[in-house]
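Fold and geometry: a report
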Amino acid sequence: MKSNHKSTRIGFALNSIHYGSSLKLWRKLANYAQQEEGSFFIFPGGELTSKNVPANLRNSIYPLVNTENLDGLICWSSSIGSSVDTETLTNFHRTLGNVPYVTIGQKFLDHPDVSFDAYTGMKELTRHLIEVHGCKKIAFIRGPQNHVSAEDRFRGYADAMAEAGLSSTEAERLISDHVGWQKAEFGARQLYEERGLIPGKDFDALLTASDMMTLDSAEFFEKRGYNIPGDYIAGGFNDSVESRIYTTSFSTVHMPMEEIGVLAYKKLQTLLGESEP
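All of the points below concern the structure found in this document. Keep in mind that what you see is a predicted model, and the values were worked out from it rather than measured.

**Things to note about the nonpolar core**
- In terms of nonpolar packing, the biggest core is built from 39 residues, with Phe 12, Ile 74, Ile 138, Tyr 157 and Leu 207 touching the most fellow members.
- In terms of residue count, helix H9 (residues 257-271) provides more of this core than any other element does, six residues in total.
- With 23 residues, the next largest nonpolar core counts Ala 139, Leu 191, Phe 220 and Tyr 226 among its residues.

So, in structure tokens, the structure goes:
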């Protein structure tokens, strides 16, 4: 029999609630909290130490995550800490003090976590482009350097290329430097302007670390006269709403964010001693 969750105050800390996978995740958690008769509070901050002014202003909400306001917390750690090193992100979790919490995307300080296999998803998408579409020159725009899942996605791409015999010194020119989630245009600009890579000539497909990045990159190339699928094909990651609003659809890796959120909530209930016997 369920415990009475009416007085249980659950928080959810993350970087923004208005785009990408966060849209699915916070809505599912809010609905599940209502189903479980718990109170649900969202703390939509920004990336830690972000140079973006709005994000920095939003970060002032994080100190409200404390035992005075909450009984437990779900923290989407990888979204909050993509612009900082592991030590800085670990110190952020220490500021949570005695608040029981479960993390999503990255484990910290022996607290329960829920992770997902981004590596296999991106590897399979890359193999699909190679084996089904016959692509041999696949460019890749990397995500944030300190984001564990972004690096897993890149490794999936790199390993699929290597296993297909498509890795070479020349092929490394197809890989951008690390860029932020909302800075994909910088990666596209690096490939096009700094390296002189032309869609359809120097690469036949473009992958990025997220759907939003693919959308931004496609818009960059479209302004310069290169289109999907006429000149190249594209793929992303997350299966977010944004992947379906572009004029031409592109492939994406589905990430079960709703299921991940519910699993995190259930782990927190167990941590709080509120799970069903």
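Back to the text.
**Focus on the packing of helix H5 (residues 118-131) against helix H6 (residues 148-163)**
- Where H5 meets H6, the axes come as close as 7 Å, and the angle between the chain directions of the two elements is 35°. Viewed along their axes, H5 and H6 form a crossing whose handedness is right-handed. Facing H5, whose interface residues are Ala 118, Tyr 119, Met 122, Lys 123, Thr 126, Arg 127 and Ile 130, H6 presents Ser 149, Asp 152, Arg 153, Arg 155, Gly 156, Tyr 157, Asp 159, Ala 160, Met 161 and Glu 163.

**Side note on the sheet that holds strand S6 (residues 138-141)**
- With parallel pairing, four strands are arranged side by side in an open sheet as S6-S7-S8-S9. Taken across any chain shown, the strands that pair with only one partner, and hence form the sheet edges, are S6 and strand S9 (251-254). Strand after strand, the sheet turns through a mean of 20° between neighbouring axes, direction not considered.
- Alignment of strand S7 (residues 205-208) against strand S8 (residues 233-238), held across three bridges, turns out to be parallel. Note on S8: the bridge partner recorded for Ala 205 is Ile 233.
- Helix-sheet contacts for H6 involve S6, S7 and S8, and the interaxial angle to S6 is about 165°.

**Details of the sheet that holds strand S3 (residues 72-75)**
- Taken together, five strands build an open sheet; the order of strands is S2-S1-S3-S4-S5 and the sheet is parallel. With one partner strand each, in any of the chains shown, strand S2 (39-45) and strand S5 (113-114) form the two edges of the open sheet.
- Alignment of strand S4 (residues 101-104) against S5, held across two bridges, turns out to be parallel. Across the sheet, residue Thr 103 finds its bridge partner in S5, namely Asp 113.
- Strand contacts of helix H1 (residues 21-35): strand S1 (9-15), S2, S3 and S4, with the helix running at about 160° to S2, the strand carrying the most contacts.

**Here's the deal with H1**
- The end-to-end C-alpha distance of H1 is 22 Å, a good match for the 21 Å that 15 residues give at a rise of 1.5 Å each.
- Considered for burial, the residues of H1 that qualify are Ser 21, Ser 22, Leu 23, Leu 25, Leu 29, Tyr 32 and Ala 33.
- For H1, the elements touching its buried residues are S1, S2, S3, S4, S8 and H9.
- With its phi angle positive at about 60°, Glu 37 sits one or two positions after the end of H1.

**Comments concerning the environment of Thr 126**
- Relative to the elements of secondary structure, Thr 126 occurs in helix H5.
- For the pair formed by Thr 126 and Ala 218, sequence separation is 92 residues and the distance between their alpha carbons is 18 Å.
- Ignoring sequence-local partners within four residues, the contact set of Thr 126 consists of Ile 138, Tyr 157, Ala 160, Met 161 and Leu 207.

**Structural notes on the environment of Asp 117**
- Considering the arrangement of structural elements, one finds Asp 117 in the loop between S5 and H5.
- Along the backbone, Asp 117 and Met 255 are 138 residues apart, and their C-alpha atoms lie at a distance of 8.8 Å.
- Among the polar contacts listed, one links the side chain of Asp 117 to the backbone nitrogen of Tyr 119, at a separation of 3.4 Å.
- Side-chain polar atoms of Asp 117 contact the side chain of Thr 120, separated by 2.6 Å.

**Things to note about the packing of helix H7 (residues 184-194) against helix H8 (residues 211-222)**
- Closest axis-to-axis distance for the H7/H8 pair is 8 Å, and the angle between their directions is 45°. When the interaxial angle is binned, H7 and H8 end up oblique. Relative to H8, the crossing made by H7 is right-handed. The residues of H8 that touch H7, namely those facing Ala 184, Glu 185, Ala 188, Arg 189, Tyr 192 and Glu 193, are Met 213, Asp 216, Ser 217, Phe 220 and Phe 221.
- A per-class count over the contact of H7 with H8 returns six nonpolar, one polar and four charged.

**What about unusual backbone geometry?**
- Cis rather than trans, the peptide bond between Ile 228 and Pro 229 has omega equal to 0°.
- On the secondary structure map, Pro 229 appears in the loop between H8 and S8.
- If you check the backbone angles, Glu 37 has positive phi at about 60° while not being a glycine.
- Mapping Glu 37 onto the fold places it in the loop between H1 and S2.
- Notably, Asp 110 is not glycine yet its phi reads approximately 65°, a positive angle.
- Judged by relative accessible area, Asp 110 falls into the exposed class, the value being 74%.

Conventions we followed
Residues numbered from 1 in each chain as written. Predicted model: local features only at pLDDT ≥ 70, side-chain atom pairs only at ≥ 80, totals over all residues. Heavy atoms only, no water. Core = buried A, V, L, I, M, F, W, Y, C linked by side-chain atoms within 4.5 Å. Buried < 20%, exposed > 50% of the residue type's maximum accessible area, 1.4 Å probe, protein only. Helix = DSSP H or I, 4+ residues; strand = E, 2+ residues; numbered from the N terminus. Axes fitted to C-alpha atoms, helices over the stretch in contact; angles between N-to-C directions. Left-handed = near helix turned anticlockwise from the far one by under 90°. Contact = heavy atoms within 4.5 Å. Pairing = 2+ DSSP bridges. Expected span 1.5 Å × (residues − 1). Polar contact = N/O pair within 3.5 Å; in protein donor to acceptor, adjacent residues only side chain to side chain. Parallel < 35°, antiparallel > 145°, perpendicular 65-115°, else oblique. Nonpolar A, V, L, I, M, F, W, Y, C, P; charged D, E, K, R; others polar.

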